[in-house]
Amino acid sequence: MFDEVANTYVDSLRRNHRFIPGSIDWYSEYKVRITSKLISSSPEKILDFGCGIGLSVPHLHHFFPSSDILAEDTSVNSIDIALKSFSFLQFGKNVSGFD
């Protein structure tokens, strides 16, 4: 299902968020900012499970610059979009070693 909407996902969000305060980017950043306040140090690895097209990735990279960001999603098209946008991402590689 998500493969079918991956290419138009941002457009759909923009259409649906126009009635809600804050941009799409603001919501993605907000979730990561809250997470950064809840943990005391930057983890070695972060697994963005259900990463979709990677909307949280730039914020994870900003708030946790020394962390390796691993991403996983069931949508191959979404992963392709995220990987094209963020070459530093690792997909489906060594997702072990998380607390």
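All values derive from a computational prediction rather than experimental measurement.

What counts and what doesn't
- Residues numbered from 1 in each chain as written.
- Predicted model: local features only at pLDDT ≥ 70, side-chain atom pairs only at ≥ 80, totals over all residues.
- Heavy atoms only, no water.
- Pairing = 2+ DSSP bridges.
- Helix = DSSP H or I, 4+ residues; strand = E, 2+ residues; numbered from the N terminus.
- Right-handed = clockwise from strand over helix to strand, strands pointing away.
- Buried < 20%, exposed > 50% of the residue type's maximum accessible area, 1.4 Å probe, protein only.
- Contact = heavy atoms within 4.5 Å.

Enquirer: Quick rundown of the pairing of strand β2 (residues 68–72)? Include the residues and the values.
Expert: Along any regular strand, the residues point their side chains to alternate faces of the sheet. Relative to β2, strand β1 (residues 45–49) is paired through five bridges, and the arrangement is parallel. If you follow L47 over to β2, its bridge partner there is L70. For the segment spanning β1, helix α4 (residues 57–63) and β2, crossover handedness is right-handed. In terms of strand pairing, β2 meets strand β3 (residues 90–91) through two bridges, oriented parallel. Looking at the pairing, L70 lines up with Q90 of β3.

Enquirer: Describe the side chain of S56, and please don't skip the residues or the numbers.
Expert: Looking at the secondary structure, you find S56 in the loop between β1 and α4. In this structure S56 comes out as buried when scored by relative accessible area, which is 17%. When neighbours within four sequence positions are excluded, S56 is seen to be in contact with S28, V32 and D48.

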